[in-house]
Amino acid sequence: MAIVKSKLLKQVSDNWPNFFRKDLDKTFSIILNEIKGALKRGDAVELRGFGRFSTRIQKESIRRNPRTNEKVAVKKKKKIHWKKTKEKKKKKKKKKKKKKKKKKKTKKK
């Protein structure tokens, strides 16, 4: 399922009706253009809680056209790679029980 910018914009404007739609559209355009620019420069983009975008170089290779079974040479190109952020597990706090050492009372004679 692909998310189109217009659907995403509609969902955000429905959740926050006090913002103007044109302001939200401009904000989304700025964010997306910054992500595109960073990927074109070869930088990675990390959105905490969502994922990490980066570019990888796909080697040139010889592939097959499925319709004609003809071999086709594919040139080297950049490819966008996305990796989902790992969810952090909540650490369980271990309760340390302090063992009290019972002191033996020694009788003095």
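Residues numbered from 1 in each chain as written. Predicted model: local features only at pLDDT ≥ 70, side-chain atom pairs only at ≥ 80, totals over all residues. Heavy atoms only, no water.

(A) Layout of the sheet that holds strand E1 (residues 45–47). A sheet is described by the order of its strands in space; here 3 strands give the open sequence E1-E2-E5, paired in antiparallel fashion. Edge strands, defined here as strands with exactly one partner in the open sheet, are E1 and strand E5 (77–84). Sheet twist, expressed as the average angle between the axes of neighbouring strands with direction ignored, equals 25°. (Pairing = 2+ DSSP bridges. Helix = DSSP H or I, 4+ residues; strand = E, 2+ residues; numbered from the N terminus. Axes fitted to C-alpha atoms, helices over the stretch in contact; angles between N-to-C directions.)

(B) Focus on the packing of helix H1 (residues 5–15) against helix H2 (residues 21–41). Relative to each other, H1 and H2 sit at 130°, their axes nearing to 10 Å. Between H1 and H2, the crossing angle belongs to the class labelled oblique. Crossing of H1 over H2 shows right-handed handedness. Seen from H1, the contacting residues are Lys-5, Ser-6, Leu-8, Leu-9, Lys-10, Val-12 and Ser-13; seen from H2, they are Arg-21, Leu-24, Asp-25, Phe-28, Ser-29 and Leu-32. Looking at the contact of H1 with H2, its residues break down into 6 nonpolar, 3 polar and 4 charged. (Parallel < 35°, antiparallel > 145°, perpendicular 65-115°, else oblique. Left-handed = near helix turned anticlockwise from the far one by under 90°. Contact = heavy atoms within 4.5 Å. Nonpolar A, V, L, I, M, F, W, Y, C, P; charged D, E, K, R; others polar.)

(C) Here's a closer look at H1. Turning to H1, its buried residues number three or more, namely Leu-9, Val-12 and Ser-13. With its buried residues spanning 95° around the axis, H1 presents them on a single face. Of the residues in H1, the exposed ones pointing more than 90 degrees away from the buried face are Lys-7 and Asn-15. Packed against the buried residues of H1 are H2. (Buried < 20%, exposed > 50% of the residue type's maximum accessible area, 1.4 Å probe, protein only. Arc of directions from axis to C-beta.)

(D) Focus on the pattern of salt bridges. All chains considered together, the criterion is met by 4 salt bridges. The salt bridge partner of Asp-14 is Lys-10, with a shortest N-O separation of 3.1 Å. Taken together, the residues Asp-14 and Lys-10, both in helix H1 and 4 residues apart, mark about one turn of the helix. A relative accessible area of 44% places Lys-10 in the partly exposed class. (Salt bridge = Lys/Arg side-chain N within 4 Å of Asp/Glu carboxyl O.)

(E) Structural detail: the pairing of strand E4 (residues 71–74). Bridge count for strand E3 (residues 61–64) against E4 is 4 bridges, and the pairing is antiparallel. Residue Ser-61 lies in a different strand from E4, and its bridge partner there is Val-74. Where E3 folds back on E4, the antiparallel hairpin that results is connected by 6 residues, among which Asn-69 adopts a positive phi of roughly 60°.

(F) A look at H2. The end-to-end C-alpha distance of H2 is 30 Å, a good match for the 30 Å that 21 residues give at a rise of 1.5 Å each. Leu-24, Phe-28, Ile-35, Ala-38 and Leu-39 are the residues of H2 that are buried. Viewed along the axis of H2, the buried residues span an arc of 105°, placing them on a single side of the element. Of the exposed residues in H2, the ones pointing more than 90 degrees away from its buried face are Lys-22, Lys-26, Glu-34, Lys-36, Lys-40 and Arg-41. The secondary structure elements touched by the buried residues of H2 are H1, E1, strand E2 (51–58) and E5. Taken from the residues just after H2, Gly-42 is the one with a positive phi, measuring 95°. (Expected span 1.5 Å × (residues − 1).)

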